[in-house]
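Summary of structural features
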Amino acid sequence: MLELRSIPPHPLVAASILSADFGRIAEECRDVLARGADILHVDVMDGHFVPNLTMGADMVKGLRRHFPDTYLDVHLMVERPDLFLDMFAQAGADNFSFHLEVSQPARSDGVSPRQLIQRIHSLGMDAGMVINPPTAPDGLEPFLPDLDMVLMMSVHPGRSGQKFIGDVLAKATWLKQRIGPATRLEIDGGINLDTAPLAAAAGCDVLVTASALFGAGDRTAVIRGLHAAR
Ligand code: DX5
Ligand code: ZN
């Protein structure tokens, strides 16, 4: 099993199964893992935080059963992440990442990011926080010492196959200066062989990819190229 807190020798590839063939999901995952993907990235959407519905804890449970040694990175695009902590932990998630935006006053449900991080850790998962492209990174600053992963969206969340928003790279530089060596900086959205070097150069060490990987003619070449991004 991948140890998230160790500095990786090259950017890690997190295969987002959102672009996989849902009718052949285990086969699709086995294929990208055999070709070198390091992590499976699971996009959970609730139809409220984003206008789309995807998958839930049962998907993680099924993946865990088929892939007992694979790191399962769960990205919660939901308004109430606190309601789903136990079920994803029981399903076998390795990481639970929630959005800073759901902790801001307009969407506040009374559970602070600090409490959520504590609960994630007490359930044995790694904790991540996510920011959308328009969100300033300074709201994450108080939580950075406690986070195992910081995830920067480089598209507006909700679906795969969108164009990379390069403006977010300035935030990567800002965050990289403030996180410790045990915290990974993950980027999600529009990552392909052209954009990965920009992200890696800005300090991102976990590259999420959905359409550029699952839609590629040569998936091995995509994974090798992302591993080589500097
Ligand atoms: C978007 C999801 C992403 C998405 C990435 O809301 O969080 O993980 O699957 O898709 P691509 O790599 O196609 O931009
Ligand atoms: Zn994602």
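Up top is the structure these notes are about.
Calculation criteria
- Residues numbered from 1 in each chain as written.
- Chains lettered and ligands numbered in written order.
- Predicted model: local features only at pLDDT ≥ 70, side-chain atom pairs only at ≥ 80, totals over all residues.
- Heavy atoms only, no water.
- Donors = N, O, S within 2.8 Å, 3.2 Å for Na, K, Ca; no water.
- Tetrahedral: all angles 85-135°; square planar, octahedral: opposite > 155°, others 65-115°.
- Helix = DSSP H or I, 4+ residues; strand = E, 2+ residues; numbered from the N terminus.
- Buried < 20%, exposed > 50% of the residue type's maximum accessible area, 1.4 Å probe, protein only.
- Pairing = 2+ DSSP bridges.
- Axes fitted to C-alpha atoms, helices over the stretch in contact; angles between N-to-C directions.
- Right-handed = clockwise from strand over helix to strand, strands pointing away.
- Near = heavy atom within 4 Å.
- Polar contact = N/O pair within 3.5 Å; in protein donor to acceptor, adjacent residues only side chain to side chain.
- Areas by Shrake-Rupley, 256 points an atom, 1.4 Å probe, with all protein chains shown as cover.
- Nonpolar A, V, L, I, M, F, W, Y, C, P; charged D, E, K, R; others polar.
- Arc of directions from axis to C-beta.
- Contact = heavy atoms within 4.5 Å.
- Salt bridge = Lys/Arg side-chain N within 4 Å of Asp/Glu carboxyl O.
- Core = buried A, V, L, I, M, F, W, Y, C linked by side-chain atoms within 4.5 Å.

**Remarks on the coordination of the zinc ion (ligand 2)**
Looking at the metal site, the zinc ion (ligand 2) is ligated by His41 (NE2), Asp43 (OD), His75 (ND1) and Asp188 (OD), spaced 2.0 to 2.3 Å from it. Every donor counted, the six donor atoms about the zinc ion (ligand 2) form angles of 69 to 168 degrees at the centre, which fits octahedral coordination. Between the donor residues of the zinc ion (ligand 2), the gaps in sequence give the motif H-x1-D-x31-H-x112-D. With histidine 41 in strand β2 (residues 39-45) and aspartate 188 in strand β7 (residues 184-188), this residue pair connects regions lying 147 residues apart in the sequence. Classification of histidine 41 as buried rests on a relative accessible area of 0%.

**Some points on the sheet that holds strand β6 (residues 149-153)**
What the eight strands build is a closed barrel, ordered β1-β2-β3-β4-β5-β6-β7-β8; its pairing is parallel. For this sheet, the mean angle separating the axes of adjacent strands, direction not counted, is 25 degrees. As judged from the three bridges shared by β7 and strand β8 (residues 206-209), these two strands associate in the parallel manner. Pairing of isoleucine 187 across the sheet is with leucine 207, part of β8.

**Notes on the pairing of β8**
Burial along β8 is two-sided: the residues Val206 and Val208 and Leu207 and Thr209 are all buried. Relative to β8, strand β1 (residues 12-16) is paired through four bridges, and the arrangement is parallel. Looking at the pairing, alanine 15 lines up with threonine 209 of β8. Between the parallel pair β7 and β8, the chain is carried across by helix α6 (residues 196-201), and the sense of this crossover is right-handed.

**Some points on the site of ligand 1**
In the vicinity of ligand 1, 20 residues are found, and the nearest of them are Asp43, Gly161, Asp188, Gly190 and Ser211. Interatomic distance of 2.9 Å between a side-chain N/O atom of serine 16 and an oxygen atom of ligand 1. Residue histidine 41 places a side-chain N or O atom 3.5 Å away from an oxygen atom belonging to ligand 1. The fraction of the free accessible surface of ligand 1 (380 Å²) that becomes covered by protein chains is 100%. Counting only elements with at least two residues in the shell around ligand 1, the list comes to β2, β3 (71-77) and β8. Of all the elements, β2 adds the most residues to the shell around ligand 1, at three residues. Across the shell around ligand 1, the residue classes break down as seven nonpolar, 10 polar and three charged.

**Quick look at helix α8 (residues 219-227)**
Within α8, burial applies to Arg219, Thr220, Val222, Ile223, Leu226 and His227. Along the axis of α8, the buried positions cluster into a sector of 160 degrees, meaning they face one direction only. Of the surrounding elements, those touching the buried residues of α8 are β1, α1 (25-34), α6, β8 and α7 (211-214). The N-terminus of α8 is capped by aspartate 218, whose side-chain oxygen sits 3.2 Å from the backbone nitrogen of threonine 220.

**Section: the pairing of β7**
The buried count for β7 comes to five of five residues, which makes it a mostly enclosed element. Along β7, one buried face is formed by Arg184, Glu186 and Asp188 and the opposite face, lined by Leu185 and Ile187, is buried too. Pairing analysis gives five bridges linking β6 to β7, with the strands arranged parallel. Bridge pairing links methionine 153 to aspartate 188 in β7. In the classification by handedness, the crossover that spans β6, the intervening helix α5 (residues 169-178) and the parallel β7 is right-handed.

**Points about the pattern of salt bridges**
Any two side chains of opposite charge can pair, so long as their charged atoms come close to each other. Evaluated as defined, the whole model comprises 13 salt bridges. For arginine 24, the salt bridge goes to glutamate 28, with nearest N and O atoms at 3.8 Å. Looking at arginine 24, the relative accessible area reads 35%, which means it is partly exposed. Residues glutamate 141 and arginine 178 are paired through a salt bridge, measuring 3.4 Å at the closest nitrogen-oxygen approach. With a gap of 37 residues between them, glutamate 141 in the loop between β5 (126-131) and β6 and arginine 178 in helix α5 connect regions that are remote in the sequence. Shared partners join several salt bridges into a network, and the residues in it are Asp21, Arg24, Glu27, Glu28, Asp31, Arg35 and Arg219.

**Details of the nonpolar core**
In this structure, Ile17, Leu40, Leu63, Phe88, Ile187 and Leu207 are the most contacted members of the largest nonpolar core, which totals 69 residues. Those residues in contact with isoleucine 17 that lie beyond four places of it in its chain are Phe22, Ile25, Cys29, Leu40, His41, Val42, Met55, Met59, Leu63 and Phe214. Counting eight residues, the second-largest nonpolar core is a separate cluster that includes Leu4, Ala14, Ile39 and Met149.

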